[in-house]
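Working through the structure, step by step
Residues per chain, in single letters:
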Amino acid sequence: MDYFSIVLGQIIGFVIYILIGIIGVRMGVLTPRSLGVLSQFITKISLPLLLFTNTLNGATREQFIGDLPVVAATALMYILLYPLCRLLARIFGLTGNENHVYRACSMFGNIGFMGIPIVAAVFPEHGMLYIALFTVVDQLLLWTVGVNLTAPTDKENAMSIASRLLKMVNPATIAVTLAVIGIFLDVHLPLPVNTALTKAGSITTPLAMIYMGGLFCFIEVKKYIGKKEFYGAVLVKMCLFPLFFYELAALLGIRTDITITLSLLSALPSMAAIVMLAQNQRSAGDYAAGMTLVTTICSIITLPLVCLYFS
């Protein structure tokens, strides 16, 4: 399959949406306040609808059970990523809050905003099922390890394990859980309801990338564009690691479509949610935003090139 062309087409769309967001800010249509409202709408309404409808419509009970190895493969991916990101932070001599936020930004990719449309385009039949299974491990780590890394270094252990696990109960995880229950109970939504919810969820990617474009307008680009550690993450985590994981998974006998899906997800730029976590906990929020900007821009080139290797 020509993964390169499919992903390149998605990237071109992302760039157009980002430019629309930038234009929206320049025209005064989008402001920091409206971007905040847009972010809330995406994370609490449209993204959960996208996850729910695509997962429920994307697999049968037998297919779901047959694809459970995705969970084990995802766990393996993060087991490898955690020490790698820690090593990168040490190589670049990062300390304090920036050290932790850098590791979080390197470890967690932009699954919700970029990973879903890319995987759905590459594997239209089972892609969303893979995303749903991936989300189980991803969300568990985000709300435990991710929260810990985005807390100020003097308060990183202030939040209890129970509180972090409770934060996993959010619209996205609820949507995936309901969809999985629906799959096992063989539930099918009435056609008009399913169509309406699917269309509502499909606006997630355009809105999310427009939001990203608008957000970038309020970042001190000159301050972060020259940080060498960001490009280290781009080279190692977004380029070399996906190729390594692809070969390792193939060596372990993991199915090709699962291998390519996880390799693609590991090649994504920094997760936007890390910026929100760091800002909410008053850690290095601006640093996270700067890294998200740089890695997102670089992904326009790196993602298609990584896919060229898979093809």
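Residues numbered from 1 in each chain as written. Predicted model: local features only at pLDDT ≥ 70, side-chain atom pairs only at ≥ 80, totals over all residues. Heavy atoms only, no water.

Under an unreviewed UniProt entry, the name given to the protein is AEC family transporter, and the source organism is Megasphaera massiliensis. We quote the UniProt Subcellular location (unreviewed entry) comment for the protein here in full: "Cell membrane". (UniProt positions renumbered as here; feature names shortened; annotations may be inferred.)

**Considering the layout of surface pockets**
The space that makes up the largest pocket amounts to roughly 980 Å³. Taken together, 38 residues form the lining of the largest pocket, with Ser39, Thr43, Trp143, Ala273 and Met276 sitting closest to its centre. Of all the secondary-structure elements, those providing two or more residues to the lining of the largest pocket are α2 (32-57), α6 (111-122), α7 (127-149), α9 (171-184), α11 (204-216) and α15 (272-280). Per element, the largest residue contribution to the lining of the largest pocket is nine residues, and it comes from α2. (1 Å grid on protein atoms, 1.4 Å probe; cavity = no way out; pocket = protein on both sides within 12 Å on 5 of 7 lines; lining within 4 Å. Points joined across faces, edges and corners; volume = space filled by probe spheres on them. Helix = DSSP H or I, 4+ residues; strand = E, 2+ residues; numbered from the N terminus.)

**Notes on empty space enclosed by the protein**
The final tally for this structure, using the stated rule, is one cavity of 30 Å³ or more. By volume, the largest cavity amounts to about 30 Å³. If you go around the largest cavity, the residues you meet are Cys105, Ser106, Ala233, Lys237, Met238, Leu268, Pro269, Ser270, Met291 and Thr295. When contributions to the lining of the largest cavity are tallied by element, the ones reaching two or more residues are α5 (96-107), α13 (228-251) and α16 (285-310). When residues of the lining of the largest cavity are assigned to their parent elements, the largest contribution, three residues, is made by α13.

**Remarks on α2**
Between its terminal C-alpha atoms α2 stretches 36 Å, which fits the 38 Å expected from 26 residues at 1.5 Å a residue. At Ile42, α2 is deflected by roughly 40°, the largest bend along its length. (Expected span 1.5 Å × (residues − 1). Bend = angle between axes of the 7 residues up to and from the residue.)

**Things to note about the side chain of Asn170**
Along the chain, Asn170 falls in the loop between α8 (161-166) and α9. Setting aside chain neighbours within four positions, we find Asn170 in contact with Gln139 and Trp143. (Contact = heavy atoms within 4.5 Å.)

**Observations regarding the environment of Gly13**
With respect to the helices and strands, Gly13 occurs in helix α1 (residues 3-26). By relative accessible area, Gly13 is classed as buried at 19%. As a C-alpha pair, Gly13 and Thr205 span 192 residues in sequence and 9.6 Å in three-dimensional space. (Buried < 20%, exposed > 50% of the residue type's maximum accessible area, 1.4 Å probe, protein only.)

**Remarks on the packing of α2 against α11**
The N-to-C vectors of α2 and α11 enclose an angle of 155°; their axes lie 10 Å apart at closest approach. Judged by the angle between their axes, α2 and α11 are roughly antiparallel. Every pair of crossing elements has a handedness; the one defined by α2 and α11 is left-handed. Counting all contacts with α2, which are made through Leu35, Leu38, Ser39, Phe41, Ile42, Ser46, Leu47 and Leu50, the residues of α11 involved are Thr204, Leu207, Ala208, Tyr211, Gly214 and Leu215. Looking at side-chain class alone, the contact of α2 with α11 contains 10 nonpolar, four polar and no charged residues. (Axes fitted to C-alpha atoms, helices over the stretch in contact; angles between N-to-C directions. Parallel < 35°, antiparallel > 145°, perpendicular 65-115°, else oblique. Left-handed = near helix turned anticlockwise from the far one by under 90°. Nonpolar A, V, L, I, M, F, W, Y, C, P; charged D, E, K, R; others polar.)

**A short note on the pattern of salt bridges**
Within this structure, the stated rule accounts for two salt bridges. The salt bridge involving Arg255 is made with Asp67; its shortest N-O contact spans 2.7 Å. Residue Arg255 is located in the loop between α13 and α14 (256-266), and its partner Asp67 is located in the loop between α3 (61-66) and α4 (69-91); the two are separated by 188 residues in the primary sequence. You can call Arg255 partly exposed: its relative accessible area is 38%. By relative accessible area, Asp67 is classed as buried at 4%. Across the pair Asp257 and Arg255 runs a salt bridge whose closest N-O atoms are separated by 3.1 Å. A network of salt bridges, in which partner residues are shared, links Asp67, Arg255 and Asp257. (Salt bridge = Lys/Arg side-chain N within 4 Å of Asp/Glu carboxyl O.)

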